[in-house]
Amino acid sequence: AAKDGEPWWDSPWGPGRPGWHIECSAMSAQYLGNSFDIHGGGEDLIFPHHENEIAQSRAACCDSSINYWVHNGFVNVNGQKMSKSLGNFITIRKVIELYHPLALRMFLLGTHYRSPINYTVEQLNVASDRLYYTYQTLRDCEESTQQDQSSSGGSLPFTTTHCIEKLHEDFETSMSDDLHTSVALAAISEPLKVMNDLLHTRKGKKQEKRLESLAVLEEKVRMVLSVLGLMPSSYHEALQQLREKALRRAGVTEEQVLQKIEERTAARKAKQFGRSDEIRDELAALGVALMDGPDGTAWRPSVPASEQPVAAKSSK
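Residues numbered from 1 in each chain as written. Predicted model: local features only at pLDDT ≥ 70, side-chain atom pairs only at ≥ 80, totals over all residues. Heavy atoms only, no water.

### Structural notes on the nonpolar core
Soluble globular proteins tend to bury their nonpolar side chains together.
Step number 1: Formed by 43 residues in total, the largest nonpolar core has its most connected members in Y135, M195, V221, L228 and L230.
Step number 2: Mapped by element, the contributors of at least two residues to this core are α4 (101-109), β5 (117-119), α5 (121-147), α6 (158-176), α7 (181-186), α8 (189-200), α10 (210-227) and α11 (235-250).
Step number 3: Contacts of L230, omitting those with residues within four sequence positions, involve L102, R105, M106, L109, Y135, L185 and L225. (Core = buried A, V, L, I, M, F, W, Y, C linked by side-chain atoms within 4.5 Å. Buried < 20%, exposed > 50% of the residue type's maximum accessible area, 1.4 Å probe, protein only. Helix = DSSP H or I, 4+ residues; strand = E, 2+ residues; numbered from the N terminus. Contact = heavy atoms within 4.5 Å.)

### Here we look at the UniProt feature "domain: Cysteinyl-tRNA synthetase class Ia DALR" (unreviewed entry) in the protein chain
Step number 1: Feature annotation in UniProt assigns "domain: Cysteinyl-tRNA synthetase class Ia DALR" (unreviewed entry) to the following positions: residues 170-239.
Step number 2: Taken end to end, residues 170-239 is 74% helix and 0% strand, and its first and last C-alpha atoms sit 27 Å apart. (UniProt positions renumbered as here; feature names shortened; annotations may be inferred.)

### Quick notes on α4
Count 3.6 residues to each turn of an α-helix, and residues three or four apart come out pointing the same way.
Step number 1: Those residues of α4 not exposed but buried are L102, A103, L104, M106, F107 and L109.
Step number 2: In this structure, the buried side of α4 is in contact with α3 (92-95), β5, α5 and α7.

### Describing empty space enclosed by the protein
Step number 1: What the rule picks out here adds up to one cavity of 30 Å³ or more.
Step number 2: Volume-wise, the largest cavity comes out at about 70 Å³.
Step number 3: Lining the largest cavity are N125, S128, D129, Y132, L242, R249, R300, P301, S302, V303 and P304.
Step number 4: Looking at the lining of the largest cavity, the elements with two or more residues in it are α5, α11 and β7 (296-301).
Step number 5: With four residues, the single largest contributor to the lining of the largest cavity is α5.
Step number 6: Across the lining of the largest cavity, the residue classes tally to five nonpolar, three polar and three charged. (1 Å grid on protein atoms, 1.4 Å probe; cavity = no way out; pocket = protein on both sides within 12 Å on 5 of 7 lines; lining within 4 Å. Points joined across faces, edges and corners; volume = space filled by probe spheres on them. Nonpolar A, V, L, I, M, F, W, Y, C, P; charged D, E, K, R; others polar.)

### A few points about the pattern of salt bridges
Oppositely charged side chains can form a pair if their charged atoms are brought close together.
Step number 1: Scanning the entire structure with this criterion turns up 17 salt bridges.
Step number 2: E254 is the partner of R243 in a salt bridge, and the nearest nitrogen-oxygen pair spans 3.1 Å. Residue R243 is located in helix α11, and its partner E254 is located in helix α12 (residues 254-269); the two are separated by 11 residues in the primary sequence.
Step number 3: D292 is the salt-bridge partner of R264, the closest N and O atoms lying 3.0 Å from each other. A residue pair is termed long-range when its members are at least 10 positions apart, and R264 in helix α12 and D292 in strand β6 (residues 288-293) qualify at 28 residues. (Salt bridge = Lys/Arg side-chain N within 4 Å of Asp/Glu carboxyl O.)

### A word on the packing of α4 against α5
Step number 1: One can describe the packing of α4 onto α5 by two numbers: an axis separation of 8 Å at closest approach and a directional angle of 110°. The angle between the axes of α4 and α5 places the two elements in the roughly perpendicular class. For the crossing formed where α4 meets α5, the hand is right-handed. Residues L102, A103, L104, M106 and F107 of α4 form the contact with α5, whose own contacting residues are Q123, L124, A127, S128, R130, L131 and Y135.
Step number 2: Grouping the constituent residues of the contact of α4 with α5 by class yields nine nonpolar, two polar and one charged. (Axes fitted to C-alpha atoms, helices over the stretch in contact; angles between N-to-C directions. Parallel < 35°, antiparallel > 145°, perpendicular 65-115°, else oblique. Left-handed = near helix turned anticlockwise from the far one by under 90°.)

### Concerning the pairing of strand β2 (residues 65-72)
Step number 1: Relative to β2, strand β1 (residues 35-42) runs parallel, the two being bridged by seven bridges. Counterpart to I38 in the pairing with β2 is Y68. (Pairing = 2+ DSSP bridges.)

### Focus: the layout of surface pockets
Step number 1: Size it by volume and the second largest pocket reaches roughly 540 Å³.
Step number 2: Mapped by element, the contributors of at least two residues to the lining of the second largest pocket are α5, α8, α11, α12, β6 and β7.
Step number 3: Residues belonging to the lining of the second largest pocket are distributed by class as follows: nine nonpolar, nine polar and six charged.
Step number 4: For the lining of the second largest pocket, the two domains that each supply at least three residues are domain 2 (84-235) and domain 3 (252-301). (Domains from an automatic or database assignment.)

### A look at the side chain of T134
Step number 1: Secondary-structure assignment places T134 in helix α5.
Step number 2: T134 sits in the buried class, given a relative accessible area of 0%.
Step number 3: Setting aside residues no more than four positions away along its own chain, T134 makes contact with I188, L192 and L225.

### Some points on unusual backbone geometry
Step number 1: For the peptide bond that leads from F47 to P48, omega is 5°, which places it in the cis range.
Step number 2: Examined against the element boundaries, P48 turns out to sit in helix α2 (residues 46-60).
Step number 3: A positive phi is found at L179, a non-glycine position, where the angle reads about 55°.
Step number 4: Counting through the fold element by element, L179 comes out in the loop between α6 and α7.
Step number 5: According to the relative accessible area criterion, L179 is partly exposed, its value standing at 46%.
Step number 6: Unlike most non-glycine residues, K209 shows phi in positive territory, near 55°.

Quick look at the structure:
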C-alpha cells in the first residue's frame, strides 16, 4: 500500500507500489528474459527474497527458469560482519591505495565464494606476498627461456609431464566443483616450486630439457592465472607496481631502502654483524625483505615480520 512521500500507482486494490520481491521478477524478465543463466546475491537473500522471486516468476510464466543460483558468503572484518551500520566497511578504492588490485583479487579467490571471508590486513599482506612470488617466478622463467629458444627435441622428463598433468586435473576438478577457486589457486603451488628448483638450484640447473620444461610450465600456470583473472599485462610492470605499493604501506621510499642496504653492506664489511642484523630486522618489520646474492643485496616486498606466524598458518 502507498505510504506518504513514496511513489505509487493505481491498482485494483487501491494506490500502491510493487513490493521488493516482485521488482526483481519484473526487472529480470524485462531485461534478461524469462529464463537466464546466472542469478547472484548474498546468502541472506535466499529466504525470503529469492524463494518469493522464484514463486512469482514461475506463477507468471511457466517457462521461467534460472540455471545457476550463485549466493556469496558474508564479508567479515576482523571477525565481525562488514556493514554500513557498524561503520566497519572498506571500499575497494581505499584498499587499492595500498594494495595492487590483483592482490585483492587473489585474496578474494582464496576463499570459496559461498563461504564467509574474513578481511584482515594480515591476510591481504599474505595474498600480496604470494602474488609477488608467483609473478617473480614466472618472470625469471620467461627471461631464462627467451635467452635460449632452441629445442633439442624428444619428450619432456616425467617429473615435468606429471606436474603438468596434475595441475590440469586439479584445476579442472576444483573449478568444476562449484568454482572452488581456493583449491584452484593451491594447484599452482607445486609447479611454481618445480620452476624455482629448475631456475635456481644446482640440481635443477643440470636437469635434462630444463628450458623446455620451464617454458611449458610457465605456459600452463599462465593459463590458470588467465582463467582466474590474475594474469597481468606484464610481469615486470606488475612486480614494479607491487614494490611501489609495499613501499607506500611501509611509509618509506626506495631511496631510503637502498640507503639502508648500503649502510648494512658497510657494516658487514666492518664485521659489525650486530648492526647488519639490526638493519635487516628494521626493514623486515616494515615488510621489506633483503636478499643477499653474488651480485649484491636486493630487496623485495614481504609479509611484515610481526605477521610471519599468520603467513605461515595461512599457507598450510
